[in-house]
Every structure is written in C-alpha cells, then in structure tokens.
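Each chain, written out:
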Amino acid sequence: MGELADLITRYHVLLAFWMTVRLTTISALGALIIGTIVAVCRVSPVGVLRWFGAAYVNVIRNTPLTLIVFFFAFGVLNTLSISLADPHSPTSIADNNFRWGVVALSVYHASFVAESLRSGVNTVPLGQAEAARAIGLSFVPSLTEVILPQAFRGAIAPLGNTLVALTKNSTVVSTIGVAEIAYQMKNMIEFSPHLLYAIFLLVAICFVVLTLPVGAFFTYLSRRVAVQR
Amino acid sequence: MTESNPADDLLPTPHTSVAVGEPLVVLTDVDKYFGDLHVLKNINLTVGRGEVVVVIGPSGSGKSTLCRSINRLETIQSGGIMIDGSPLPSEGKALARLRADVGMVFQQFNLFAHKTILENVTLGPVRVRRKSKQEARAHGMELLNRVGVGNQAEKYPAQLSGGQQQRVAIARALAMDPKVILFDEPTSALDPEMINEVLDVMIQLAQQGMTMIVVTHEMGFARTAADRVVFMADGEILEEAAPEAFFTSPTTARAKDFLSKILTH
C-alpha cells in the first residue's frame with residue numbers, strides 16, 4: 001500500500017487526474033458546440049447544409065478516434081506546423097499536444113452529439129414547429145426558441161452517454177503525449193510491473209469516480225427537465 | 001365559465017388596410033396535389049374583412065388543407081392566394097411577416113410545451129413584433145384574463161385541460177393582433193364538456209368583428225356565428241351560402257346527404 005502511495009506522488013496521479021478532467025470538460029463543451037451546429041445543419045431547409053451535416057456525421061463517426069487524434073497531432077501540428085500555442089513558451093509542446101487533443105476529441109464526439117440532438121429533435125412534435133411558424137417566427141428563432149430547447153431536453157440521456165464515452169475516450173490522447181491518467185498508467189506499469197493489478201484498479205477507480213456521478217446526474221436531469229406533453 | 005366576461009373586448013383596433021366587407025383573403029383557382037391525389041380542385045374563395053366563414057364537409061374533403069394553405073403551412077401547386085391585397089410570399093422573411101398577421105388555431109392546440117402559458121402568449125409579440133417584455137406581458141395577461149385562463153398564467157400547457165389549452169392558443173393568436181384567424185378544427189380534439197368554453201370565446205370574437213375562417217364540425221357554431229357557410233367535398237367547394245339557407249335548403253345532393261347524416265342523431 002505504501003508503495004502504491006509512493007507511485008501516486010511520483011507519477012503525479014492527481015495532476016494526471018486533473019488533466020483528464022480538463023480534457024473531458026473542455027472537449028465536451030467543444031463537442032456540444034460543434035455538434036449543435038452540425039445537428040442544425042442536418043435539420044435545416046437548405047440542401048447543401050443538410051448534405052454537410054450528414055457527411056460530417058457519417059465520416060467522423062465511422063473513423064477511429066486514434067486516427068483523428070493522429071491526424072491533428074501529426075498531420076496538422078507536425079507536418080503543416082499549425083500551432084495552437086505560443087512557440088516561445090517553455091510548455092509549448094505540451095500545450096500544443098493538449099489543445100490539439102481537445103480539438104480531436106471535440107471533433108470526434110461532435111458527431112455523436114449531433115446524432116443525439118437529431119434524435120432529440122425527432123421527439124418534438126411537428127405541430128410545435130408549425131405553431132412557431134404560424135406566429136411569424138422564421139427558421140432561426142423557431143429553432144432557438146421552440147425546437148432546440150425541447151430537443152435538448154429530449155436528448156439529455158443520449159448526451160449523457162456521449163459524455164461518459166468521451167471521458168473514457170480521452171485516454172486515447174495519451175498516444176500523443178498528453179499526461180493524463182492512461183499516460184501515467186503506462187509509465188507506472190513500465191517501472192513498477194509488480195504492482196500491475198493495483199495500478200489497473202487505481203486507474204479504474206479514477207474513471208468510475210468521474211463517470212458514475214455523471215451518469216447518475218444525467219439520468220436525474222433527463223427526468224427533471226423532461227417536457228410534459 | 002365564471003372566469004370570463006363576455007362583455008370584454010377581445011380585439012384591439014384593427015390595422016388592416018381594407019374596409020369592413022372588402023376582400024381580405026382571396027383564393028383564385030387554387031390547386032393542390034399530394035402526389036397523385038388532387039386534394040384542392042380549382043378553389044375560388046373570397047373572405048371579406050370582418051367576415052366569419054365556416055368551412056364544413058366530410059373527412060378528407062380538403063377543408064383542413066385549404067385552411068393550412070392560407071398561411072402556407074401547405075404549399076399549393078397552382079393558383080393564387082392574396083391576403084390584404086398582397087400575394088402570399090413563397091418563403092423567407094416576407095412569409096414570416098405575413099404569418100405574423102394571420103393567426104392560426106390548431107386542432108391539437110400546439111402550445112409550446114416547454115414554455116409557461118404566459119410565455120406562450122408573449123413569445124410572438126416579443127420576438128416578432130419587437131414589443132418590450134413588460135408590454136407583452138401586460139397585454140398577454142389581459143388576453144389570458146379575457147379568455148378566462150389568467151389564473152393559469154405561470155403553469156405549463158400539460159397542466160391545463162384541453163379546453164383551457166385551446167383558449168390559450170386563441171389568446172396566443174390574438175396577441176399578434178392578426179388581420180384574420182384560421183381555425184383548423186379547433187374543437188375536434190376536445191372532450192364534449194369543454195367544447196362550449198372554446199366556442200363561446202370564438203363566438204365573442206366573431207361578434208367583435210374578427211375575420212375568421214373556421215374549419216369545424218360544430219353546426220351550432222356555424223348557425224350562430226357564421227356569415228357564410230362553405231361546403232366542401234372531394235377537394236371542391238360545392239356550395240356557399242348563408243348558414244340558414246344552407247342548413248334548411250342545401251342545393252347539391254352531396255350536401256343534402258352530408259347534412260342528413262350529421263343532423264339526424
């Protein structure tokens with residue numbers, strides 16, 4: 001037990017845990033914003049936008065997350081040298097890896113958010129949109145005032161699933177050197193293989209601590225804000 | 001209903017550009033198809049300002065489609081629709097502006113489920129008419145009181161009875177200060193004991209000079225409030241007459257048959 005506690009301090013497990021939390025929350029926000037835009041495109045009356053929305057979901061959702069992460073890290077950051085961090089900062093490399101990791105996670109999970117929202121839109125009866133149009137609201141205000149608020153409420157449960165998946169998928173960015181939990185897990189195992197099962201348990205607990213309350217909260221929320229019809 | 005006072009004025013000052021009796025809604029040679037189905041056949045109909053026109057007919061006769069095409073919730077394939085002197089725009093901001101002037105009351109009420117009763121009534125005035133929130137709330141409360149649901153203002157639609165919801169829907173339409181209100185079978189989804197509270201509000205509106213196009217099966221309402229009855233069957237207008245004339249001496253066989261089926265039970 002003492003040895004494990006030693007590992008936790010030596011490998012900055014708490015810091016790594018905090019990194020996972022940051023990765024997850026920032027990527028979740030990014031995915032929510034991109035996903036909402038894509039979902040709006042998918043239900044818009046403009047053919048080109050609908051096509052774009054469908055293409056985004058179909059391409060991104062069916063591409064492995066690892067590939068998307070590598071694409072941003074090696075294809076965009078290293079090869080095209082598009083930097084998201086101050087090149088003179090001493091933490092420039094780590095910042096870049098983190099930020100492109102967030103971009104990759106956001107872009108990938110946005111496709112799931114968009115599909116959740118689209119299923120939420122489908123829970124809104126057609127009459128709601130007709131009533132919105134009938135009082136003179138044009139497309140954008142009927143979306144923001146009437147359709148989306150109800151769609152989000154109908155999409156809370158699947159959005160919660162996506163957030164849980166995102167939390168765990170954030171481990172993929174350990175492959176580009178972001179020092180989150182899975183990254184430190186690899187290091188710990190490498191240098192203390194005799195503690196293998198204890199390390200697995202430790203990391204598993206870290207994730208359960210994050211995902212269990214999230215799941216419970218979303219279940220509560222989906223009941224709480226459900227639209228009564 | 002003790003909550004509502006029929007002596008109250010439901011209507012603000014009319015802002016239409018045509019005088020009472022002048023044509024406000026004009027449909028010319030309107031045709032509509034659903035695929036191969038010809039649902040509106042060469043419809044010609046003129047509704048004057050202040051007029052109450054009741055459209056009746058058997059199910060599937062196209063009367064709801066007719067009603068919905070007047071604010072372009074259904075598109076038509078040929079013919080023209082003019083409202084207050086200008087043709088119905090096909091899309092965009094101009095169409096939204098027109099719809100703001102044409103109230104609509106649906107069979108299923110279609111109140112915004114996530115908004116309170118008062119928010120339902122103020123959304124249009126605030127977002128479309130650009131009124132201040134305060135002004136919209138004051139006017140909204142006034143309208144809700146007049147249709148007898150002022151004490152429900154902070155509730156959500158699902159907490160109200162069907163009859164109350166439909167009266168809110170009428171208040172929502174009135175809040176936009178419309179030139180004409182379309183009623184698409186407003187009492188067909190209501191329990192029998194709630195039909196009258198909605199019809200009372202509609203009769204009041206009719207008496208105060210609102211231009212109304214009402215698709216309904218309520219023959220009593222047609223007799224009491226209509227200036228003209230339009231009888232439709234199979235997508236065509238077969239008869240147009242004053243209610244008394246229509247109900248006592250229909251001219252077409254189709255109308256006679258229809259009336260004999262609904263009036264003899």
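Calculation rules
- Residue numbers restart at each chain and count upward from 1, following the sequence in its written direction.
- In the order they appear in the text, chains get letters beginning with A and ligands get numbers beginning with 1.
- Reporting of local features is limited, given that this is a predicted model, to residues whose pLDDT is at least 70; pairs of side-chain atoms are given and counted only at 80 or more, and all residues count toward the totals for whole chains, interfaces and linings.
- Side-chain numbers come from the whole structure's heavy atoms, not from hydrogens or water.
- UniProt positions are given in the numbering used here, feature names are shortened, and annotations may be inferred rather than shown by experiment.
- Helix and strand definitions follow DSSP, with helices as H or I runs of at least four residues and strands as E runs of at least two, each counted in order from the N terminus.
- The buried label goes to any residue with under 20% of its type's maximum accessible area, the exposed label to any with over 50%, and the partly exposed label to all in between, with areas taken from a 1.4 Å probe on protein chains only.
- Residue contacts are counted whenever heavy atoms from the two residues lie within 4.5 Å of one another.
- Note on areas: Shrake-Rupley, 1.4 Å probe, and residue coverage restricted to the protein chains presented here.
- Positive charges are assigned to Lys and Arg, negative charges to Asp and Glu, while His and the chain termini are left out of the count.
- Here the site of a charge means NZ on Lys, CZ on Arg, CG on Asp, or CD on Glu.
- Whenever Lys or Arg places a side-chain nitrogen within 4 Å of a carboxyl oxygen from Asp or Glu, that contact is recorded as a salt bridge.
- Whether two strands pair comes down to DSSP finding at least two bridges between them.
- Seen with its strands pointing away from the viewer, a crossover is right-handed if its path from the first strand over the helix to the second goes clockwise.
- What counts as buried area is the accessible surface, traced by a 1.4 Å probe, that two parts surrender upon association, with contributions from both included.

By the naming in an unreviewed UniProt entry, chain B goes by ABC-type polar-amino-acid transporter and is assigned to Microlunatus endophyticus. A UniProt comment under Sequence similarities (unreviewed entry) is attached to chain B, and it reads "Belongs to the ABC transporter superfamily." Here is the UniProt Subcellular location (unreviewed entry) comment for chain B, exactly as written: "Cell membrane".

The name given to chain A in an unreviewed UniProt entry is Glutamate ABC transporter permease, and the organism recorded there is Microlunatus endophyticus. Heading Subcellular location (unreviewed entry) of the UniProt record for chain A holds this comment: "Cell membrane". Recorded under Sequence similarities (unreviewed entry), the UniProt text for chain A is reproduced unchanged: "Belongs to the binding-protein-dependent transport system permease family. HisMQ subfamily."

**Some remarks on the overall build of chain A**
Counting its regular elements, chain A contains nine helices and zero strands. Reading chain A from its N end, one meets helices and strands in the order α-α-α-α-α-α-α-α-α. Seen through its principal axes, chain A has C-alpha atoms that stretch 70 × 45 × 30 Å. Of all 229 residues assigned to chain A, the portion counted as buried reaches 48%. A sequence separation of at least 24 residues applies to 76% of the contacts in chain A between residues at least 6 apart. When the accessible surface of chain A is summed, it comes to about 11,600 Å², and 70% of that surface belongs to carbon and sulfur atoms. For chain A, the separation between the mean place of its 14 positive charges and that of its 9 negative charges on side chains is 14 Å.

**Remarks on the UniProt feature "domain: ABC transmembrane type-1" (unreviewed entry) in chain A**
Mapped onto the present numbering, the UniProt feature "domain: ABC transmembrane type-1" (unreviewed entry) falls on residues 17-218 of chain A. Between the C-alpha atoms that bound residues 17-218 of chain A there is a distance of 22 Å. The span itself is 80% helix and 0% strand.

**A few points about the pattern of salt bridges**
Summed over the entire model, instances satisfying the criterion amount to 21 salt bridges over all chains. Measuring nitrogen to oxygen at the nearest pair gives 2.9 Å for the salt bridge that ties B:R129 to B:D101. Placement of B:R129 in the loop between α3 (117-127) and α4 (133-146) and of B:D101 in helix α2 (residues 92-101) is noted, with a sequence separation of 28 residues between them. With relative accessibility at 30%, the residue B:R129 sits in the partly exposed group. You can call B:D101 buried: its relative accessible area is 16%. The network of salt bridges with shared partners includes A:R42, A:R61, A:E115 and A:R118.

**A word on the pairing of strand β7 (residues 180-184) of chain B**
Residues and elements named next belong to chain B. A large share of β7 lies buried, amounting to five of its five residues. Direction of pairing for strand β6 (residues 102-105) relative to β7: parallel, over a ladder of four bridges. Bridge assignment links M104 to a residue of β7, and that residue is L182. For β7 and strand β8 (residues 211-215), the ladder comprises five bridges, and the chain directions are parallel. Bridge pairing in β8 places F183 opposite V214. Crossover handedness for the path β7 to helix α6 (residues 192-207) to β8: right-handed.

**Side note on the side chain of B:T122**
Residues and elements named next belong to chain B. Examined against the element boundaries, T122 turns out to sit in helix α3. The class of T122 is buried, set by a relative accessible area of 11%. Once residues within four sequence positions are removed from consideration, T122 is found in contact with A136 and R137.

**Notes on the interface of chain B and chain A**
At the junction of the two partners, chain B supplies 24 residues and chain A supplies 21 residues. Considering only the side of chain B, the residues that lose the most area to chain A are B:F112, B:H114 and B:R127, jointly responsible for 29% of the buried surface there. Here chain B and chain A share three salt bridges between them. We note a salt bridge from A:E145 to B:K115, for which the minimum N-O separation is 3.1 Å.

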